[in-house]
Amino acid sequence: MVPRSGPLRSFRPTHSCYSPRVTLVLGIDPSLTATALASAGDAGLRHVLIRTTPAQPLPLRLRRIADSVYAAVKNWPGGPPDLVVVETPGFIQRHGGMEGVYRAQGAILAGLPAGLRVELVGVARWRNGLGIKVPRGAGKQPFVDFALALGAELPRSPRAGRPDGDCADAYCLAEWGLRILRAERTVQTVAGSATDAA
């Protein structure tokens, strides 16, 4: 191989995955009564729980969700997220009682600041991607256990007194998104290295 002539090439990588900015992924679990936002990434684990009551008129509940999501994302420690992962009901769940979740999801999407990368992800996709097995009758406990294993501090559910399953879902969504984002950046790095070598 013949050595190159001219100035030495800089060793400093130019790909976005080497940005000094921290990686931040936001997971959102939509619900009319308790919409949960949680982050995973280099900035640490944080969450926000947006509660509404059935006594409020539906338009006010949706407006509260949209406004609260906007304010939370705009003021999230660590800056705007690199990726926002919003849960969407799976095929089996679509056939009964999910109208409220879809309405909350619409309010969330309307409330997100412009310019963010957003992924809508079904339950089975992120659950399988994280390797979470849910035995029959386990409810949200496997997701709570996973979030606690990440180091998340979950608020207590006001009704049951147990760790909040909605926040646990949001942390799981954020962790799934973080793994996807890191895998994409690894591929970009490898592809960039191959291009630089050629």
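Fair warning: this is a prediction, and the values are worked out from it, not measured in the lab.

1. Structural notes on helix H2 (residues 99-111)
Part 1: Its 13 residues give H2 an end-to-end C-alpha distance of 18 Å, which sits within 8% of 18 Å, the value for a rise of 1.5 Å per residue.
Part 2: Taken residue by residue, H2 has Gly100, Val101, Ala104, Gln105, Ala107, Ile108 and Gly111 as its buried positions. The buried residues of H2 occupy an angular sector of 160 degrees when the element is viewed end-on, so they sit on one face. Summarising the geometry of H2, the exposed residues directed more than 90 degrees from the buried face are Glu99 and Ala110.

2. Observations concerning a nonpolar patch on the surface
Part 1: Together, Leu109, Val118 and Leu120 give the surface a local cluster of nonpolar side chains, amounting to about 210 Å² of exposed area.
Part 2: Note that valine 118 resides in strand E5 (residues 118-122).

3. Considerations on the pattern of salt bridges
Part 1: Evaluated as defined, the whole model comprises 9 salt bridges.
Part 2: With a closest N to O distance of 3.3 Å, glutamate 119 and arginine 117 form a salt bridge.
Part 3: Under the relative-accessibility criterion, glutamate 119 is labelled partly exposed at 25%.
Part 4: Classification of arginine 117 as partly exposed rests on a relative accessible area of 32%.
Part 5: Because the salt bridges share partners, they merge into one network encompassing Arg117, Glu119 and Glu184.

4. A few points about the sheet that holds E5
Part 1: With mixed pairing, the 5 strands of this open sheet are ordered in space as E3-E2-E1-E4-E5. With one partner strand each, in any of the chains shown, strand E3 (46-51) and E5 form the two edges of the open sheet. Each strand of the sheet is rotated relative to its neighbour by a mean of 20 degrees, with strand direction disregarded.
Part 2: Where strand E1 (residues 24-29) lies against strand E4 (residues 83-88), 4 bridges are found, and the strand directions are parallel. When the bridges of E4 are listed, isoleucine 28 appears paired with valine 86.
Part 3: Helix H1 (residues 58-74) contacts E1, strand E2 (34-41) and E3 of the sheet and is inclined by roughly 160 degrees relative to E3.
Part 4: Sheet strands in contact with helix H3 (residues 123-130) are E4 and E5, and its direction is about 90 degrees off that of E5.

5. Some words on helix H4 (residues 141-150)
Part 1: Turning to H4, its buried residues number three or more, namely Pro142, Phe143, Val144, Phe146 and Ala147.
Part 2: Positioned one or two residues after H4, glycine 151 has a phi angle of 105 degrees, which is positive.

6. Here we look at the nonpolar core
Part 1: Counting 27 residues, the largest nonpolar core has Val85, Trp126, Leu130, Ile132, Leu154 and Cys172 as the members making the most contacts within it.
Part 2: Not counting the four nearest positions on each side in its chain, cysteine 172 is found in contact with Trp126, Leu130, Ile132, Phe143 and Phe146.
Part 3: With 18 residues, the next largest nonpolar core counts Ile28, Leu32, Ile65 and Val73 among its residues.

7. Re the packing of H1 against H2
A pair of packed helices can be characterised by two numbers: the angle between their axes and the separation between those axes.
Part 1: In contact at an axis separation of 7 Å, H1 and H2 are set at 40 degrees when each is read in the N-to-C sense. On the basis of their axis angle, the class for H1 and H2 is oblique. Viewed along their axes, H1 and H2 form a crossing whose handedness is right-handed. Across from Leu58, Leu62, Ile65, Ala66, Val69 and Tyr70 in H1, the residues of H2 making contact are Arg103, Ala104, Ala107, Ile108 and Gly111.
Part 2: When its residues are assigned to classes, the contact of H1 with H2 shows 9 nonpolar, 1 polar and 1 charged.

Calculation criteria
Each chain has its residues counted from 1, running along the sequence as written. In view of the model being predicted, local features appear only for residues whose pLDDT reaches at least 70, and side-chain atom pairs are presented and counted only at 80 or more, with totals across whole chains, interfaces and linings using the full set of residues. To get the side-chain values, take all heavy atoms of the structure and skip hydrogens and water. The helix and strand labels rest on DSSP assignments: H or I over at least four residues marks a helix, E over at least two residues marks a strand, and numbering proceeds from the N terminus. One fewer than the residue count of a helix, multiplied by 1.5 Å, yields its expected span. Relative accessibility decides the category of a residue: with a 1.4 Å probe and only protein chains considered, values under 20% of the type maximum give buried, values over 50% give exposed, and everything between is partly exposed. For this quantity, the arc is that covered by the directions from the helix axis to the C-beta atoms. The patches reported here contain residues having more than 30% relative accessible area and no salt bridge. Joining distances are 9 Å for like charges and 5 Å for nonpolar side chains (Val, Leu, Ile, Met, Phe, Trp, Tyr). In these tables, accessible area is a Shrake-Rupley quantity obtained with a 1.4 Å probe, and a residue counts as shielded only by the protein chains included in the view. Salt bridge, as used here, is a side-chain nitrogen of Lys or Arg placed within 4 Å of a carboxyl oxygen of Asp or Glu. DSSP-based pairing: two strands are paired if at least 2 bridges between them are found. Interaxial angles span 0 to 180 degrees and are taken between N-to-C directions of axes, which are lines fitted to C-alpha atoms, for helices over the stretch in contact. Contacts between residues were defined by any pair of non-hydrogen atoms, one from each residue, lying within 4.5 Å. Buried Ala, Val, Leu, Ile, Met, Phe, Trp, Tyr and Cys residues that are joined via side-chain atoms within 4.5 Å together make up what is termed a nonpolar core. Roughly parallel here means an angle under 35 degrees, roughly antiparallel means over 145, roughly perpendicular means 65 to 115, and every remaining angle is called oblique. Rotating anticlockwise by less than a right angle from the far helix to the near helix defines a left-handed crossing, while the corresponding clockwise rotation defines a right-handed one. Charged means Asp, Glu, Lys or Arg here, nonpolar means Ala, Val, Leu, Ile, Met, Phe, Trp, Tyr, Cys or Pro, and polar covers whatever is left, Gly included.

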